[in-house]
Amino acid sequence: MKTFTLNPEPQPALTLVGCGILRKEVDRLIEKNHWNVHTHYLNSALHNYLNRLSTELNQALEEREKLGEKTVVFYGSCHPLMENYLEGHHTCRTQGQNCIVMLLGYERFMQELEQGAYFLLEDWALTWEPMITACFGNNNAVVREIFHSSHKYILALRTPCNSDFTSAAEAAARFVDLPLRWQDVDLSHLELVLTDAIQRRLAAEP
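Residues numbered from 1 in each chain as written. Predicted model: local features only at pLDDT ≥ 70, side-chain atom pairs only at ≥ 80, totals over all residues. Heavy atoms only, no water.

Undergrad: Got a minute to help me understand the pattern of salt bridges in this structure?
TA: When the charged atoms of two side chains with opposite charge come close together, those side chains can pair. For the structure on display, the rule yields 7 salt bridges. In this structure, the salt-bridge partner of Glu-191 is Lys-32, at a minimum N-O distance of 3.0 Å. Separated by 159 residues along the polypeptide, Glu-191 in helix α10 (residues 188-203) and Lys-32 in helix α1 (residues 23-33) bring together distant segments of the chain. A salt bridge links Glu-83 to Arg-93; the shortest N-O distance between them is 2.9 Å. Residue Glu-83 is found in helix α3 (residues 82-88), and its partner Arg-93 is found in the loop between α3 and α4 (99-104); the two are separated by 10 residues along the sequence. (Salt bridge = Lys/Arg side-chain N within 4 Å of Asp/Glu carboxyl O. Helix = DSSP H or I, 4+ residues; strand = E, 2+ residues; numbered from the N terminus.)

Undergrad: So what exactly am I meant to see when it comes to the packing of α1 against α10 here?
TA: A pair of packed helices is characterised by two quantities: the angle between their axes and the separation of those axes. At a closest axis distance of 10 Å, the pairing of α1 and α10 adopts a crossing angle of 70 degrees. In this view, α1 runs roughly perpendicular relative to α10, as classed from their interaxial angle. As α1 packs across α10, the resulting crossing turns out to be right-handed. Contact residues: Glu-25, Val-26, Leu-29, Lys-32 and Asn-33 in α1; Leu-190, Glu-191 and Leu-194 in α10. Residues belonging to the contact of α1 with α10 are distributed by class as follows: 4 nonpolar, 1 polar and 3 charged. (Axes fitted to C-alpha atoms, helices over the stretch in contact; angles between N-to-C directions. Parallel < 35°, antiparallel > 145°, perpendicular 65-115°, else oblique. Left-handed = near helix turned anticlockwise from the far one by under 90°. Contact = heavy atoms within 4.5 Å. Nonpolar A, V, L, I, M, F, W, Y, C, P; charged D, E, K, R; others polar.)

Encoded structure:
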């Protein structure tokens, strides 16, 4: 868990509980803005397993609550009961359907989605084959059929926080037999999303 403290005028601390897919980007923005925010990240593959996502998210929120911490959730609509969980834990989440929308903005996301993009982030690229086979099985023909039915290309999103994951992205695209495209993304939209969520949570009752 990382902690960043706001200076010189401390605000009440928050604990951000959420998906680790953009942990580097979130940590950079917390540090840049001097937010008094602790972080507790969950495995980015949990969106493939709704039961595990439910269990681990609720468990993490309960643990933070027992410690008297005020939480904010970094997730999109990644579980059909997400809003119920937020209400039950008296917290709120970042606005956006998913992490890609939070990073790109809705219009940019929809433009690529309508053209057939499958969005690839560094964390997914680095764990691609075991993650995909665990979810869809080891039959490459079936995996490719699943991807080809909904997507026309892999769009790798490169942020200022990424290392060079070119080889991993190329391997991921080959694995599902789709062409690979790249897009550089800054953190401006993600910063707005996080700022909004933090301000709403600080303004809410404990």
